[in-house]
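A closer look at the structure
One letter stands for each residue in the lines below.
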Amino acid sequence: MAKCILISYAGYPYTLSSLLLDNGLANLAGALLANGHQVKILDLATVTTIKKLFPPDYSREITALFQQYGNAIYEKGINKLIRFNKKLQTYQQKRVREIGRETAAFIKKEGADFAGIKLWNGDGFSGSIAIAEEIKKALPGLPLAAGGPHVDMFREYILEETDVFDILAYGDGEEVVVKLAEYFDGRQELDAIPNVIYRKNGNIKIAPVKWITDLDSLPFPVYDEDIYLAMQGDEKIKTVVLDESRGCPNCCYFCMQPIKSGTRLRKKTAERLVSDIKKIKKLYHINCFRFAGSGTPAALIRDTAGKLIEQNINIKYTMFARIKDSRGPLFELLARSGCRAIFFGVESGSQQILDKSLGKKLKVEKVKEIIPQCKQAGIFVITSFIFPAPFDTPATMRESLDLIYAIRPDSVSVIPGGIPRGTVWDKQAAKFGFDFENGKKDYFKALSKYKYKLFLPLNLWESLPIKINGESFHEFIKKSDLFKREVEDKEILTSMPDELVPVAEYAGYKGNEKEFRNLCRRLHLTGAYQDIKKLNQEVNSKILSL
Ligand code: B12
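Procedures and definitions
Per chain, residue numbering runs from 1 following the sequence as it is written. Totals for whole chains, interfaces and linings use all residues, but because this is a predicted model, local features are given only for residues with pLDDT of at least 70 and pairs of side-chain atoms are given and counted only at 80 or more. With hydrogens and water set aside, each side-chain value is computed from the structure's full complement of heavy atoms. Per the convention used, a helix needs a DSSP run of H or I reaching at least four residues, while a strand needs a run of E reaching at least two, with both numbered from the N terminus. Our radius of gyration looks at C-alpha atoms and nothing else; its globule reference is 2.2 Å times the residue count to the power 0.38. What makes two residues a contact is simply this: any of their non-hydrogen atoms within 4.5 Å. The criterion for a residue being near a molecule or strand is simple. One of its heavy atoms has to lie within 4 Å of it. Under this definition, polar contacts are N or O atom pairs within 3.5 Å; protein pairs additionally need one hydrogen-donor-capable and one acceptor-capable atom, and for neighbouring residues in sequence, both atoms have to be side-chain atoms. Amino acids are sorted into nonpolar (Ala, Val, Leu, Ile, Met, Phe, Trp, Tyr, Cys and Pro), charged (Asp, Glu, Lys and Arg) and polar (every other residue, Gly among them). Each residue gets one of three labels from its accessible area relative to the maximum for its type: buried under 20%, exposed over 50%, partly exposed in between, using a 1.4 Å probe on protein chains only. Pairing between strands is defined by DSSP: at least two bridges between them are needed. Here the term right-handed applies to a crossover when the path leading from its first strand over the helix to its second strand runs clockwise, the strands being oriented away from the viewer. Two rings from Phe, Tyr or Trp (for Trp, the six-membered ring) form a pair when their centres sit within 6.5 Å of each other. Planes less than 30 degrees apart are called stacked, planes more than 60 degrees apart edge-to-face, and all others tilted. Sitting over a ring, as applied to charges here, requires NZ of Lys or CZ of Arg to be within 6 Å of the ring centre and within 35 degrees of the ring normal. We define a nonpolar core as any set of buried Ala, Val, Leu, Ile, Met, Phe, Trp, Tyr and Cys residues linked to one another through side-chain atoms lying within 4.5 Å. Angles here are taken between N-to-C directions and fall from 0 to 180 degrees, while the axes themselves are lines fitted to C-alpha atoms, restricted in helices to the stretch in contact. The rule for a salt bridge is simple: a side-chain nitrogen of Lys or Arg has to be within 4 Å of a carboxyl oxygen of Asp or Glu. Directions from the helix axis toward the C-beta atoms define the arc.

1. Comments concerning the overall build of the protein chain
In terms of regular secondary structure, the protein chain is built from 21 helices and 19 strands. For the protein chain, the C-alpha radius of gyration of 23 Å lies close to 24 Å, the compact-globule estimate for 546 residues. Dimensions of the protein chain along its principal axes, counting C-alpha atoms only, are 60 × 60 × 50 Å. Taking the contacts inside the protein chain whose residues are at least 6 apart along the sequence as the reference set, 74% of them involve residues at least 24 apart.

In C-alpha cells, the structure reads:
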C-alpha cells in the first residue's frame, strides 16, 4: 500500500472563493483511502498562506496607498501601485520557495511514496513549480505526479515548461490516482494507466483518456481534519462543492468544459446526491454547498430539490444552470429547497455573436424570458458575458449592454474572450480573427505562465502574443474593462460569484452584496489575514450550526 501527500497551491489567495473547500482533493483522498492507501491533503489556499505571502509592513503600505488616493489610485497613484506590485511579487516569489522547503520538511516527517500536486494558473503554476523543485531538492527520490485544471488546459505544454513533474494526469483523477499509487507500489505498469502524460525515451507519451461513466461509483469525498489538514480551525470557508455532473455535449466554440470533462454528460443520481449531502451534514456539520457541474442538469436538480424538501434537509446551495433547460416553476422549487444563487452563461446580447462567434445555441428572447423568472423566485442571479468576443463591434456591445439593462441580473461576470486549448476557437483560430503573433505554440506557452497583476488595471497587465479582430491583446482587454464599468455605472454589480452569495448572507450582507464584494476585495488585496480569519470564523460558525 502506498502513502500519498496531495498538495495544492493556487498562488496568493486573491479572492474569498479561493478559501472554499476543494472537492477535487477530497475526492482523490476518498479514492485512495477506499483502496487501502494512505493520504494527507495539504491545501495551501488558507489564511495562513495569506499571512505568509503578505508581510505586515507591505499590508500597511498598500492600505495607506488606498486610503491616500481613494478612487484616484489608478490615475494619481498608479506609479506607486506599479512599484508596490513589483516589490510584492518579488517577495512572494522568494517566500513560496520557503513554503516549498516547509512542505518538503512536512513530507519527510510524514513519510510518503509519492506526492500528487494539483496545478493552477498564474502564480499558482509558477509557485507550484517552485514548491516541487524544493521538494525534489530535499527528497530527490520522491516521485511527483501532477494533475488538476491547469493540466487539463495545457497538458504537454507543462512538460515543455518544466521537468520537475515525473507524471502528469488529465481528466477524471479518482481512478488514475489509485493506479498511480499501485504503480509507485510496484504493482502496476505506467503504460497501462489512462489519462497520464510523461516522457519516455525522450518523447512525450499521452495515454488515452478514460472518463468515469457512472458518477455514483465515485468515492465519498474526505474532509476529516486529520486527512484534509486545512479543515482544522478557520483556515477555509466550510462550503462543500458537490460533483453532481461532469461533461458537456454542447461544445460552445469558446468553452474548455468538453475538453476538461468530455462531451458526454455524466451525472450522479438524485438519491446518491442527497445521501452525500446527508452524510456531509452528519460527519462535518456542513450545511452550505455548491454544485460543480458546468450546468447542473434540470431534471437532476428538480429531483434533488424535491427530496431535500420532502426529507426536510436544511441547506443553502448555489450552482451553474442552463437557460435553455430552465422554467419558472423549477426556480420556485429550487428556492424552497435552499438554492440561493444561480450562475447562467449568457455570454452576449447579440444573436449574431451567440450564433456565429460563440456557437452557444441560445436565443436572446429566451434569456429575456427566463432571467426575470429566476429573480422572481428570490434567487440571486449571476449572468456571464464574454466581451469582447470575436466579431464584436460597438453595435453588438450595445446589444449586450441593453440586454443586461433589460434583465438586470443581480451580478454580471465579464471576461474577454481568450482561446482555451482544444476548443473550436483554437482549431479554427484564423476564421474567428485570432492571429498568433509567433505561432500557436508560443501563445499557449505564454498563456500557461500568464501572471495576474491584481493591483493594476487590465491595461497594465502583460501582453500576450496574439491579435484579436486585428487588435493587440491590450486594446482587446481594455474594452472588457470598459464594458464592466458601463455595467457598474448602471448600479448593476459585477464580479460577485455565486458561491459567495450564501457566504455573504452568513456574514450579514444579504441584500448588500456590493459592500461584501468590496470588503472581500479590500481584505485580500491588502493581505488583511486577521480580518479574513475573523470573517471565516463568523461564517463557519453559522455554516456549522444547525
Ligand atoms: C467548483 C470550482 C471551484 C471550487 C472548488 C475547487 C476545485 N475543485 O477546483 C472553488 C470555489 C473552491 C474554486 C476556487 C477557485 N477556482 Co475554481 N472552479 C470550479 C469549477 C467551476 C469546477 C471545478 C470542479 O469542481 N471540478 C470537478 C473536480 C472533481 O475536478 P478537479 O477539482 O479539477 O479535480 C479532479 C482532476 O483535476 C484531478 N486532479 C486534480 N489534482 C490532481 C492531482 C493528481 C496527482 C492527480 C492524479 C489528479 C488530480 O482529479 C480530480 C478528481 O477527478 C471550475 C470550472 C469548471 N467548470 O471546470 C473552476 C476552475 C477550476 N477554477 C479556477 C480558478 C482560477 C479558481 C480560483 C483560483 C479563483 C477563482 N476564480 O475563484 C480559486 C482557487 C482555489 C484554490 N484552491 O485556491 C479555474 C482554473 C484555471 C486554471 N488553469 O487554473 C477554473 C477552470 C475556472 C476557469 N475557467 O477559470 N473553484
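2. Examining the site of the ligand
Neighbouring the ligand are 38 residues, the closest being N23, K118, N121, E174 and Q257. Note that a nitrogen atom of the ligand is positioned 2.5 Å from one of the side-chain N or O atoms of N23. Looking at the shell around the ligand, the elements that each hand over two or more residues are α1 (23-34), β3 (114-118), β4 (144-147), α6 (149-154), α8 (174-184) and α9 (257-261). When grouped by side-chain class, the residues that make up the shell around the ligand number 16 nonpolar, 14 polar and 8 charged.

3. Describing the pairing of strand β14 (residues 380-386)
Among the 7 residues in β14, 7 count as buried, and that is most of the element. Of the two faces of β14, the one carrying F380, I382, S384 and I386 and the one carrying V381, T383 and F385 are both buried. Looking at chain direction, β14 and strand β15 (residues 411-415) are connected through 5 bridges and run parallel. Bridging from a neighbouring strand, I382 pairs with S411 of β15. Following the backbone out of β14, through helix α15 (residues 394-407) and into the adjacent parallel β15, one traces a crossover that is right-handed.

4. Description of the packing of aromatic side chains
The full count for this structure, using the stated rule, is 24 aromatic pairs. For the pair W425 and F434, a centre-to-centre distance of 5.4 Å together with 55° between the ring planes defines the contact as tilted. Residues F436 and F444 carry aromatic rings whose centres are separated by 6.5 Å and whose planes lie at 45° to one another, so their mutual orientation is tilted. One exposure class covers both F436 and F444, and it is buried. Feature note: the residues Y12, F54, Y58, F84 and Y91 constitute an aromatic cluster, connected by ring pairs. Lying across the ring of F220, K279 places its NZ or CZ 4.2 Å from the centre.

5. Digging into the nonpolar core
L16, F165, Y317, L334, I342 and F516 are the most contacted members of the largest nonpolar core, which has 186 residues in total. No other element matches helix α4 (residues 78-110), which puts 9 residues into this core. Residue contacts for F516: discarding those within four places in its chain leaves L16, M496, L500, V503, A504, A507, Y509 and L535.

6. Some points on the sheet that holds strand β16 (residues 434-436)
Overall, antiparallel pairing links the 3 strands, which are arranged β16-β17-β18 in an open sheet. Each having just a single partner strand, β16 and β18 (471-472) make up the two edges of the open sheet. As paired elements, strand β17 (residues 466-468) and β18 share 2 bridges and run antiparallel to each other. Paired with I468 across the two strands is E471, which belongs to β18.

7. A look at the sheet that holds β4
Here we have 7 strands laid out as an open sheet, ordered β2-β1-β3-β4-β5-β6-β7, and mixed in their pairing. Unpaired on one side and paired on the other, β2 (38-43) and β7 (203-206) mark the two borders of the sheet. With direction set aside, neighbouring strand axes in the sheet form an average angle of 20°. Strand contacts of α1: β1 (3-8), β2 and β3, with the helix running at about 170° to β2, the strand carrying the most contacts. In the packing of α4 onto the sheet, the strands contacted are β1, β2 and β3, and the crossing angle to β1 comes to about 160°.

8. Focus: the pattern of salt bridges
Using the criterion set out here, one finds 40 salt bridges in the structure. Residues E271 and K307 are paired through a salt bridge, measuring 3.4 Å at the closest nitrogen-oxygen approach. With E271 in helix α10 (residues 270-284) and K307 in helix α11 (residues 298-310), the pair connects residues that are 36 residues apart, well separated along the chain.

9. Brief notes about helix α17 (residues 440-448)
If you check which residues of α17 are buried, you get Y443, F444 and S448. Here the buried residues of α17 occupy an arc of 130° about the axis, which is enough to place them on one side. Residues of α17 that are buried in the fold lie against α5 (123-138), α6, α7 (156-161), α16 (424-427), β16 and β17.

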